[in-house]
Amino acid sequence: MKNVAIVGAGISGLVLASFLKKNDNYQITIFEKDLINNKNINGIQISPNALHILNSLDFDRLDHNKFYSVKGINFFDIFEKEKIASMKFNYLNSNQYLTMNRSDLIGFLIKNYSLEKNIINKSVSEIIHNKVILKDKSNFEFDIIVVADGIFSKLRPAFVRPLYSGFCAYRGFFSNSVQEEYINLLMGKNFHLVTYPIDQMKNNSFTLVSKTKKNPDDDNYNNLATNFSEMFQDLLPERFKKVCICENIKSWPIYSLNKIFYGNDNTFFIGDSAHGFIPSRAQGAAQAIEDSFALYKIISSKNLSVRRFSKLRLDRVKKIKKKSENNLFIFHQSLLINRLIRNFIIRIICKYKFLTKKFNSFIFDYKIERNL
């Protein structure tokens, strides 16, 4: 039996732990410095490429009221009164496009695979060879170590570091009188806003990404945005103003890693700790899930190596990272000619099902098993 350490109890760490827990060949220890709070509301999007993997973890056991199968994306331009177009997901054959509360997914994985028995609420300060060293100076030896502690991980080499993107995200939730069925994307000048349902009870999540100067005290995701309404109330169209009356809006600076790094020796990095990138293609959670499944498959094989893992994941993550950066540029256009061209292209893509499928297939239709 191999001993596996996982540092971080976020989505990537818990998905990997769930797969390993299904296999009696592994003894798992999860180190998490923070207490897991399942009451936080923080929306995530689970695209078909990720849902395909979660279905292998009995995802259908999750209460169906706790997620929503969206029909597509509505596009809006802040300078136009009418909706530009709707991109429908009715071409998806086997898997849906789901939206939900991140905490509900985390809670499901912990409960379904009894992972609370494997979690140690202690902070890891260092990894040396096969040893995990905690802040209290105690240490444990493992056959395999996996780091999944986020973009601000202190366990990576110094040459891999987070860089501020020049953008800040604001996140919150609100309730509607009617059930939303689509993701709504509002494109503005130097900002964009995304809203979507997170369950069957008319609850919705929103994320507004805005170009802004960096506040050096904001290198975390738990700061309250006390002046959000003052900044955006007058900018948003009437149908989106509801986000300005939300309580407990969190602000966090958006960072991306200067280099994709999947580890060395028997220490592997997954999720944001490996490739944190700008979240404007809604693939942060999905790529973390893909990482976890790919690493599980490699751990289960007889050819375990960081080089093999990196070769499997590097090109795909690079492409999605580039797409995310391009989307940010496209969403934030302010020049009239650029907006007209952008909006025309969006209308054309949304009008024809084959173009919609072509635009999304390289992400949504991806299945790791074909590349192993």
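Because the structure is a prediction, the values reported are computed rather than measured. (Residues numbered from 1 in each chain as written. Predicted model: local features only at pLDDT ≥ 70, side-chain atom pairs only at ≥ 80, totals over all residues. Heavy atoms only, no water.)

A. Geometry of the pattern of salt bridges. Enumeration over the complete set of coordinates arrives at nine salt bridges. With a closest N to O distance of 3.1 Å, Arg-339 and Asp-77 form a salt bridge. Taken together, the residues span a long stretch of sequence, with Arg-339 in helix α8 (residues 336–351) and Asp-77 in strand β5 (residues 72–77) at a distance of 262 residues. Accessibility classification places Arg-339 together with Asp-77 in one group, the buried group. (Salt bridge = Lys/Arg side-chain N within 4 Å of Asp/Glu carboxyl O. Helix = DSSP H or I, 4+ residues; strand = E, 2+ residues; numbered from the N terminus. Buried < 20%, exposed > 50% of the residue type's maximum accessible area, 1.4 Å probe, protein only.)

B. Structural context of the sheet that holds strand β14 (residues 183–187). Spatially, β6-β5-β14-β15-β16-β13-β18-β17 is the arrangement adopted by the eight strands of the open sheet, whose pairing is mixed. Each edge of the open sheet is held by one strand with a lone partner, namely β6 (85–88) and β17 (223–224). By the bridge criterion, nine bridges tie strand β13 (residues 162–175) to strand β16 (residues 203–211) in an arrangement that is antiparallel. Considered in β16, the bridge of Cys-168 is made with Ser-210. Against the sheet, helix α7 (residues 306–331) contacts β13, β14, β15 (191–197), β16 and β18 (250–257), and its axis sits at roughly 110° relative to β15. (Pairing = 2+ DSSP bridges. Contact = heavy atoms within 4.5 Å. Axes fitted to C-alpha atoms, helices over the stretch in contact; angles between N-to-C directions.)

C. Structural detail: the packing of α8 against helix α9 (residues 353–364). Two elements in contact, α8 and α9, have axes separated by 5 Å at closest approach and are oriented at 105°. Put simply, α8 runs roughly perpendicular to α9. Listed contacts from α9 to Ile-348, Ile-349, Cys-350 and Lys-351 of α8 are Lys-353, Leu-355, Thr-356 and Phe-359. Along the lines of polarity and charge, the residues of the contact of α8 with α9 split into five nonpolar, one polar and two charged. (Parallel < 35°, antiparallel > 145°, perpendicular 65-115°, else oblique. Nonpolar A, V, L, I, M, F, W, Y, C, P; charged D, E, K, R; others polar.)

D. Seen up close, the side chain of Asn-176. Structurally, the position occupied by Asn-176 is in the loop between β13 and β14. For Asn-176, the side chain forms a polar contact with the side chain of Glu-180, separated by 3.2 Å. Leave out the neighbours within four places in its chain, and Asn-176 touches Lys-202, Asn-204 and Lys-242. (Polar contact = N/O pair within 3.5 Å; in protein donor to acceptor, adjacent residues only side chain to side chain.)

E. Looking closely at the pairing of strand β3 (residues 43–46). Residues Gly-43 and Gln-45 point to one face of β3 and Ile-44 and Ile-46 to the other, with burial holding for every one of them. Bridge count between β3 and strand β7 (residues 98–101): four bridges; the pairing is antiparallel. Across the sheet, Ile-46 pairs through a bridge with Leu-98, a residue of β7.

F. Inspection of the environment of Phe-268 at higher detail. When you line up the elements, Phe-268 lands in strand β20 (residues 267–269). Residue classification places Phe-268 among the buried residues on the basis of a relative accessible area of 0%. Sequence separation between Phe-268 and Met-187 is 81 residues; the distance between their C-alpha atoms is 37 Å. For Phe-268, the residues in contact, after removing those within four places along its chain, are Ile-144, Ile-145, Val-146, Val-147, Tyr-262, Gly-263, Leu-295, Leu-304, Ser-305, Val-306 and Phe-309.

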